[in-house]
Amino acid sequence: MTFTQRHLLGIEPLHPMEITAILDLAEDYAALNRSDRKHSEALKGLTQINMFFENSTRTQASFELAGKRLGADVMNMAMQTSSVKKGETLIDTALTLNAMHPDLLVVRHPSSGAVNLLAEKVNCAVLNAGDGRHEHPTQALLDALTIRRKKGRLHRLTVAICGDIAHSRVARSNLILLGKMENRVRLVAPPTLMPAGVSEFGCEVFDDMRAGLQDADVVMMLRLQKERMDGGFIPSEREYYHRYGLDAEKLACAKPDAIVMHPGPMNRGVEIDGTIADDINRSVIQEQVEMGVAVRMAAMDLLARNLKAARNAA
Ligand code: ASP
């Protein structure tokens, strides 16, 4: 068995072979999702609970659809209006849910590390759907699958990750994954949005976008995460767009067949020009969404297999 994890808390703990195992299975699910009969029974009889303590549209919908296509009983907890607001701690919420015997818990939380903490308290598989600035593993996996399908490989590529790196769990998970798979990663951001110590990850750092995009195979844009900023990070959105917004002129610095990615939601005219985002010859943003469902199906399937094996062995 190549995939040995009990939870999917981040990319950090994954072996490159485990990443490949998820992507290979996701290819099968991508084909299933394009067929007329989109159902499998991989999670039949199992209960999946989605707990989103932070707003999400696409990730929550994607996990819900993935679980339903695999035959699980899927429940969405409205955490914004739950007893958490009445003062219940994260651990109490987790223990309450645990008593309902879920098999898969999908959790998004605004605090880095909260999902790992929760995973220690429950006896089901936990998937991190984004925790603070820490990790967003299924996003990096769906990005990897999209890149592998478009470029025919997931190694020795030059990938420029651009924009609000400092607040981005997407950047962090991608940086780790792309590094593990032996790609050349460049981080492009103004100094105020570049976290300290990034060079430890073995990537190159640029504050000039044209230089950072030079000969890149993949241009990955990030959303300016205004909700995580308390002011002073950028002079103005207009100035930011001028220097770091992806437009045709800056994209021309990358390879002629470079693909453009964005995890969504997008701020058009702030980090990316709307025409580039909609250009089906360059932008793979819709394919990223499509691969998101497939990758989440694969990750939940593999975790469920390990869960069942552990329960049978107990
Ligand atoms: N949807 C991604 C996340 O949850 C990216 C973003 O919000 O900018 O991190």
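The text that follows walks through the structure, step by step, so that each part is easy to find. (Residues numbered from 1 in each chain as written. Predicted model: local features only at pLDDT ≥ 70, side-chain atom pairs only at ≥ 80, totals over all residues. Heavy atoms only, no water.)

1. Examining the site of the ligand
At step 1: Close contacts around the ligand come from Arg108, His136, Arg169, Val170, Arg223, Gln225, Gly264 and Pro265, and that covers them all.
At step 2: At a separation of 2.7 Å, an oxygen atom of the ligand approaches a polar side-chain atom of arginine 223.
At step 3: Alone, the ligand offers 260 Å² of accessible surface; in the complex the protein occludes 93% of this.
At step 4: Judged by its atoms lying within 2 Å of the grid points, the ligand is housed in the largest pocket.
At step 5: Counted by class, the shell around the ligand contains 2 nonpolar, 3 polar and 3 charged residues. (Near = heavy atom within 4 Å. Polar contact = N/O pair within 3.5 Å; in protein donor to acceptor, adjacent residues only side chain to side chain. Areas by Shrake-Rupley, 256 points an atom, 1.4 Å probe, with all protein chains shown as cover. 1 Å grid on protein atoms, 1.4 Å probe; cavity = no way out; pocket = protein on both sides within 12 Å on 5 of 7 lines; lining within 4 Å. Sits in = over half its atoms within 2 Å of the grid points. Nonpolar A, V, L, I, M, F, W, Y, C, P; charged D, E, K, R; others polar.)

2. Remarks on the sheet that holds strand β2 (residues 73-77)
At step 1: Read from one edge to the other, the open sheet built from 4 strands follows the order β2-β1-β3-β4, with strand pairing classed as parallel. Each edge of the open sheet is held by one strand with a lone partner, namely β2 and β4 (125-131). Neighbour-to-neighbour, the strand axes of this sheet turn through a mean angle of 15°, independent of strand direction.
At step 2: Where strand β3 (residues 104-109) meets β4, 5 bridges bridge the pair, whose relative direction is parallel. (Pairing = 2+ DSSP bridges. Helix = DSSP H or I, 4+ residues; strand = E, 2+ residues; numbered from the N terminus. Axes fitted to C-alpha atoms, helices over the stretch in contact; angles between N-to-C directions.)

3. With respect to the sheet that holds strand β8 (residues 218-221)
At step 1: Taken in spatial order, the 5 strands make up an open sheet running β7-β6-β5-β8-β9, and their pairing is parallel. In this open sheet, the two edge strands, each paired with only one partner strand, are β7 (204-206) and β9 (259-261). Strand-to-strand twist across the sheet, computed as the mean angle between neighbouring axes with direction ignored, equals 20°.
At step 2: When β8 meets β9, the two strands line up parallel, connected through 3 bridges. Bridge pairing links methionine 220 to methionine 261 in β9.

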